[in-house]
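The chain contents come next:
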Amino acid sequence: VSPPAAGGRPCNAKDFGHGSLVCACSATYCDTLDPVVLPAPGTYVKYESSKAGKRLERSEGSFQHNAETPDFHLTLDTAQRYQKVKGFGGSVTDSAAINIQSLSKDAQNHLLRSYFSEEGIEYNLVRVPMASTDFSVRLYTYADAEGDFELKHFNLTEEDTWMKV
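Since the structure is predicted, the reported quantities are computational estimates derived from the model, not experimental observations. (Residues numbered from 1 in each chain as written. Predicted model: local features only at pLDDT ≥ 70, side-chain atom pairs only at ≥ 80, totals over all residues. Heavy atoms only, no water.)

1. Some points on the overall build of the protein
Then step 1. Looking only at helices and strands, one finds 3 helices and 6 strands in the protein.
Then step 2. Secondary structure elements in the protein, listed N-terminal to C-terminal, are β-β-β-β-β-α-α-β-α.
Then step 3. Whereas a compact globule of 165 residues would reach a radius of gyration of roughly 15 Å, the protein reaches 21 Å, over 25% beyond that.
Then step 4. Dimensions of the protein, computed from C-alpha atoms along their principal axes, come out at roughly 65 × 45 × 35 Å.
Then step 5. Relative to its full complement of 165 residues, the protein shows a buried share of 18%.
Then step 6. A separation threshold of at least 6 residues defines the contact pool for the protein, and within that pool the share at least 24 residues apart is 47%.
Then step 7. Approximately 13000 Å² of the protein is accessible, and the part contributed by carbon and sulfur atoms is 55%.
Then step 8. In the protein, which carries 16 positive and 22 negative side-chain charges, the distance between the mean positions of the two groups comes to 3 Å. (Helix = DSSP H or I, 4+ residues; strand = E, 2+ residues; numbered from the N terminus. Rg over C-alpha atoms; globule rule 2.2 N^0.38 Å. Buried < 20%, exposed > 50% of the residue type's maximum accessible area, 1.4 Å probe, protein only. Contact = heavy atoms within 4.5 Å. Areas by Shrake-Rupley, 256 points an atom, 1.4 Å probe, with all protein chains shown as cover. Lys, Arg positive; Asp, Glu negative; His and termini not counted. Charge placed at Lys NZ, Arg CZ, Asp CG, Glu CD.)

Structure follows, in structure tokens:
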């Protein structure tokens, strides 16, 4: 396991001919972010990515109280809470797992750090689908015997033991 980066490292931008840039991560290099720090009250931090090549580009600003702008108006009521955010994450489908496992161990390490570490985007949740999805190489379930309500024929598949468990 590589030591965490001290600060952000820039995107190794590659153009694969589809009109947008991607950041290439390899066994020897992967871009990272500066550590995320909460902004002071009344200010915000914005991260922007774009087709033109911005990749989580950081900028800061401050909220203006009762400002009138013709094209945008946002009202924040910090006293009103609607829901609690438990975290952010993504899904590890069969196709994602196959792609991750096709990388070298060092490239896998860089990729997973870019998702889950403080030098990355700090995901803290992952959804793993049960059985096959549209992103599987074949259709499969866990209980194929009709009427098996006691799940006597329940069985994990190779995809589960190789990619999910």
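2. Quick notes on the side chain of Asp94
Then step 1. Here Asp94 is to be found in helix α1 (residues 94–101).
Then step 2. Of note is the side chain of Asp94, whose polar atom sits 2.8 Å from the side chain of Ser136.
Then step 3. Leave out the neighbours within four places in its chain, and Asp94 touches Phe135, Ser136, Tyr140, Glu159, Met163 and Lys164. (Polar contact = N/O pair within 3.5 Å; in protein donor to acceptor, adjacent residues only side chain to side chain.)

3. A short note on unusual backbone geometry
Then step 1. Of note in this structure, Glu122 is not a glycine but carries a positive phi near 60°.
Then step 2. Relative to the helices and strands, Glu122 resides in the loop between α2 (105–116) and β6 (125–127).
Then step 3. The class for Glu122 is partly exposed, based on a relative accessible area of 36%.
Then step 4. Of note in the backbone geometry, Ala131 takes a positive phi value of approximately 65° without being a glycine.
Then step 5. Structurally, Ala131 can be placed in the loop between β6 and α3 (158–164).
Then step 6. For Ala131, a relative accessible area of 12% gives the class buried.

4. Focus on the state of the cysteines
Then step 1. One pass over the structure, following the stated rule, counts 2 disulfides.
Then step 2. Cys11 shares a disulfide with Cys23; S-S distance 2.1 Å. With the S-S bond torsion at -115°, the cross-link from Cys11 to Cys23 turns out left-handed. Taken together, the residues span a long stretch of sequence, with Cys11 in the segment before β1 (13–15) and Cys23 in strand β2 (residues 21–23) at a distance of 12 residues.
Then step 3. One disulfide bridge connects Cys25 with Cys30, the sulfur atoms lying 2.1 Å from each other. (Disulfide = S-S within 2.5 Å.)

5. A look at a nonpolar patch on the surface
Then step 1. Judged by side-chain polarity, Leu112, Tyr115, Phe116, Ile121, Val126 and Val128 come together as a nonpolar surface patch covering roughly 460 Å² of accessible area.
Then step 2. Top contributing element to the nonpolar patch by residue count: α2, with 3 residues.
Then step 3. Secondary-structure assignment places Val126 in strand β6.
Then step 4. Taking the relative accessible area as the measure of exposure, Val126 reaches 41% and is therefore partly exposed. (Patch = residues over 30% accessible without salt bridge, like charges linked within 9 Å, V, L, I, M, F, W, Y side chains within 5 Å. Salt bridge = Lys/Arg side-chain N within 4 Å of Asp/Glu carboxyl O.)

6. Section: the packing of aromatic side chains
Where two aromatic rings form a pair, the distance of their centres and the angle of their planes describe that pair.
Then step 1. Inspection of every chain in the model, using the stated rule, returns 5 aromatic pairs.
Then step 2. A ring pair is formed by Tyr44 and Phe63, whose centres lie 5.2 Å apart and whose planes are at 55°; its orientation type is tilted. Of this pair, Tyr44 sits in strand β3 (residues 43–48) while Phe63 is found in the loop between β4 (57–62) and β5 (89–91), placing the two residues 19 residues apart along the sequence.
Then step 3. The exposure class assigned to Phe63 is partly exposed, which follows from its relative accessible area of 39%. (Phe/Tyr/Trp six-rings, centres within 6.5 Å; stacked < 30°, edge-to-face > 60°.)

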